[in-house]
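Here is what each chain is made of, one letter per residue.
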Amino acid sequence: MSDLALYGVALFFALSACHFARGRRTNPRAIARYSCYATALLAAALLLLAPATVQAADRLRQLGIAPALPVLLGDTLRIGAACAIRLLALALRAPEGVSEKSRRIGARRRAPLGAPPGRQAGGASRARRESSDTPGPARRAVRRQLALLAGVLAVRAVLLAAAAPGLAATDLTAAPSTGARLALAGYTAAGVLYLAHCLAALLRQLARLARAAAPGRQRTGLRLLTLSLATGLLWNAWGVDDVVQAASTGTQAGAEDALCSVLGLLCVALLATGLGTTVWPAAHAAVRGWLRAHRRYRALAPLWRDLHTVLPEIALAPARRLPLLPPRDPQFALYRRIIEIHDARLILRHHLDPRTPQWLVGATRRFPPPAARADATAEAAALAAALERAAAGARPNPDTPRTALAAEPPRALGQDLESEADDLARLTRVYATCPAVAEVRTRARAARTAAPSPTAPDPIASPAR
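None of the values given here were measured: they were computed from a predicted structure.

1. Quick look at the overall build of the chain
Secondary structure summary: the chain contains 18 helices and three strands in total. Residue burial in the chain is summarised as follows: out of 465 residues, 40% are buried. When contacts within the chain are restricted to residue pairs at least 6 apart in sequence, those whose partners lie at least 24 apart make up 80%. Of the accessible surface of the chain, which amounts to about 25,500 Å², a share of 62% is contributed by carbon and sulfur atoms.

2. Quick notes on the packing of helix α7 (residues 178-212) against helix α9 (residues 240-249)
Close contact between α7 and α9 brings their axes to 7 Å; oriented N to C, the two are set at 170°. Relative to α9, the element α7 lies roughly antiparallel. Between α7 and α9, the contacting residues are R181, L182, L184, A185, T188 and A189 on the first element and D242, V243, A246, A247, S248 and T249 on the second. Class assignment of the residues belonging to the contact of α7 with α9 gives a composition of seven nonpolar, three polar and two charged.

3. Let's talk about the packing of aromatic side chains
Under the criterion given, the structure shown has one aromatic pair. Between Y34 and Y37, the ring centres sit 6.3 Å apart and the planes meet at 65°, which makes this aromatic pair edge-to-face. Separated by three residues within a single helix, Y34 and Y37 lie in helix α2 (residues 30-49), roughly one turn from each other. Under the relative-accessibility criterion, Y34 is labelled buried at 8%. The partly exposed category is assigned to Y37, whose relative accessible area is 35%. Here the guanidinium or amino end of R33 rests over the ring plane of Y34, the centre of that ring lying 5.0 Å away. The ring of W304 carries the charged tip of R337 above its face, separated from the ring centre by 4.4 Å.

4. Examining the sheet that holds strand β2 (residues 171-173)
Judged by pairing direction, the sheet is antiparallel, and its three strands sit side by side in the order β1-β2-β3 without closing on themselves. Strand pairing shows two members of the sheet lacking a second neighbour, β1 (166-168) and β3 (251-252), which therefore form its edges. Relative to β2, β1 runs antiparallel, the two being bridged by three bridges. Within β2, the position partnered with L167 by the bridge is L172.

5. Thoughts on the nonpolar core
Note on soluble globular proteins: their nonpolar side chains tend to be buried together. Ranked by size, the top nonpolar core spans 44 residues in total, and within it F13, Y34, Y194, L202 and L206 carry the most contacts. Elements represented by at least two residues in this core include exactly α1 (3-26), α2, α4 (69-109), α6 (139-163), α7, α8 (217-237) and α10 (258-278). Top contributing element to this core by residue count: α4, with 11 residues. Counting 41 residues, the second largest nonpolar core, distinct from the first, contains L300, W304, V430 and V437.

6. Points about the environment of H350
You can see H350 is positioned in the loop between α13 (330-348) and α14 (356-366). Taking the C-alpha atoms as reference points, H350 and A386, separated by 36 residues in sequence, lie 8.2 Å from one another.

7. Brief notes about the confidence of the model for the chain
Here the chain averages 75 in pLDDT, and 72% of its residues register 70 or above. Counting interchain partners and residues more than four positions distant, the pLDDT-below-50 stretch residues 401-407 has nine contacts. Contacts from residues 453-465, a stretch scored under 50 in pLDDT, to residues over four places away or in other chains number 23 contacts.

8. Comments concerning the packing of helix α15 (residues 374-391) against helix α17 (residues 417-433)
Look at α15 against α17: their axes get within 9 Å of each other, and the N-to-C directions meet at 65°. The handedness of the crossing between α15 and α17 comes out as right-handed. Residues A376, T377, E379, A380, L383, A384 and L387 of α15 touch α17, and the partners they reach there are L427, V430 and Y431. Residues belonging to the contact of α15 with α17 are distributed by class as follows: eight nonpolar, one polar and one charged.

9. Observations regarding a positive patch on the surface
Taken together, the side chains of R93, R139, R140, R143, R144 and R204 define a basic patch exposed on the protein surface. Element by element, the count of residues in the positive patch is highest for α6, at four residues. On the basis of relative accessibility, which here comes to 66%, the residue R140 falls in the exposed class.

10. Notes on helix α12 (residues 301-310)
Among the residues making up α12, those that are buried are A301, L303, W304 and L307. Seen from one end, α12 has its buried residues packed into an arc of 160°, which puts them on one side.

11. Notes on α15
Relative to the 26 Å expected for 18 residues at 1.5 Å per residue, α15 spans 26 Å between its end C-alpha atoms, a close match to the ideal helical length. Of all the 18 residues making up α15, 14 are buried; the element is thus mostly covered by neighbouring parts of the structure. Note on α15: the residue one or two positions beyond its end, G393, has a positive phi of about 85°.

12. Examining the state of the cysteines
Per the stated rule, a full pass over the model turns up zero disulfides. Not engaged in a disulfide, the cysteine C198 finds its nearest cysteine sulfur in C83; these two sulfurs lie 6.5 Å apart.

13. Notes on the pattern of salt bridges
Oppositely charged side chains can pair when the atoms bearing their charge come close. Applying the stated criterion across every chain, the model contains nine salt bridges. The partner of D422 in a salt bridge is R296, and the shortest N-O contact between them spans 2.9 Å. You can see D422 sitting in helix α17 and its partner R296 sitting in helix α11 (residues 280-299), a full 126 residues away along the chain. The shortest N-O distance in the salt bridge between R345 and E379 comes to 3.1 Å. With R345 in helix α13 and E379 in helix α15, the pair connects residues that are 34 residues apart, well separated along the chain. This pair shows no difference in class: R345 is buried, exactly as E379 is. Salt bridges sharing partners connect three or more residues here, namely R366, E439 and R443.

14. Examining the side chain of E439
You can see E439 is positioned in helix α18 (residues 435-450). With near-sequence residues (within four places) excluded, E439 lies in contact with A363, R366 and F367.

Criteria and thresholds
- Residues numbered from 1 in each chain as written.
- Predicted model: local features only at pLDDT ≥ 70, side-chain atom pairs only at ≥ 80, totals over all residues.
- Heavy atoms only, no water.
- Helix = DSSP H or I, 4+ residues; strand = E, 2+ residues; numbered from the N terminus.
- Buried < 20%, exposed > 50% of the residue type's maximum accessible area, 1.4 Å probe, protein only.
- Contact = heavy atoms within 4.5 Å.
- Areas by Shrake-Rupley, 256 points an atom, 1.4 Å probe, with all protein chains shown as cover.
- Axes fitted to C-alpha atoms, helices over the stretch in contact; angles between N-to-C directions.
- Parallel < 35°, antiparallel > 145°, perpendicular 65-115°, else oblique.
- Nonpolar A, V, L, I, M, F, W, Y, C, P; charged D, E, K, R; others polar.
- Phe/Tyr/Trp six-rings, centres within 6.5 Å; stacked < 30°, edge-to-face > 60°.
- Lys NZ or Arg CZ within 6 Å of the ring centre and 35° of its normal.
- Pairing = 2+ DSSP bridges.
- Core = buried A, V, L, I, M, F, W, Y, C linked by side-chain atoms within 4.5 Å.
- pLDDT = per-residue confidence, 0-100.
- Left-handed = near helix turned anticlockwise from the far one by under 90°.
- Patch = residues over 30% accessible without salt bridge, like charges linked within 9 Å, V, L, I, M, F, W, Y side chains within 5 Å.
- Salt bridge = Lys/Arg side-chain N within 4 Å of Asp/Glu carboxyl O.
- Lys, Arg positive; Asp, Glu negative; His and termini not counted.
- Charge placed at Lys NZ, Arg CZ, Asp CG, Glu CD.
- Arc of directions from axis to C-beta.
- Expected span 1.5 Å × (residues − 1).
- Disulfide = S-S within 2.5 Å.

This is the structure in structure tokens:
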């Protein structure tokens, strides 16, 4: 494959790893964890093994570093990805083993007939706890696979040291001796055999799941993933050619031939189609929901910023992030911002100026708003005037006449979070851009300057939480 294709495939694997990592946070499972590890390691390996990256490694000679280091690191990351694939196969097989183990635990923990009821209940609860604490593959099986990985890496390290590798263009070369050539061939063969072992294990599990799945999009996606792994086995089997070449010439080719490139592109295309059928629709919906929540969150910023500047006590909790970075969970951040805006509106009810309707009539004569924005203009003007009074330190009077509260027009809450956020976003847009609201704010500021109010503690504006 070309450099551009390799980098595109690496980007696809990196995005898949991010999606699996997000699924791991929301619903911790061994399947999501090992899928994230496998795709992330494959993305890093492809970036290191790309011909452009390998050719750029010649500059490492000037630093006294072996130029073959990127190739060796890429091969090691590919072996790590193969181990994650094998663990993913164990995780896909785990539900059957876990249920059988739970039945055995329940049989052992079941108390005899003459045992007290408390003992029977305690045994059942312990069995439930032990069965619920094993959501993934058994630890013994995981340890066996990690031990096998360590053995493969150790064997490859010994063979690599015996081969004394170098780099010629994009090809990995061995020392000019028969032993070095055989060591390089053994190094390549160990990787090919281990990758074939891991791919075959995952292929068996996906084929079983595809047979058991109901007709629909999930079965289609599983079948495409199964075909992708079968193509990947053929692609990996073509690596025997590299073993023969390393044994005969002492060179492991970095560039792929035509058949190998076709198999690689077919494997990646089937994999992308299978993931797009089973995984990416949910990922697309999640990204789209994140973007919508983030857009609504930013739309409320002008109004929230003015309210928070005058009434800092409305903040529910300090933000634990850099100001320029988007919130990690924009849905929750949007919900919190809406609550804070409503808290500020309740506080500002005690600072409403009864002259606001009169000011608004004069302002709308000069700058008539559209009929659809009349209610939002009245509410935004009332908030702007009350905010000016609160900024001046005016003490709210609990005995304020009811005519002052009439300066704030009634407003119905939205049916859900999205509709309420959209309503507040329209109110924020009117508050920040309407010239009639700006004139009301100017008149309220002038009235505040003409008759400043003494600053006093404000028990109503700072309610105890």
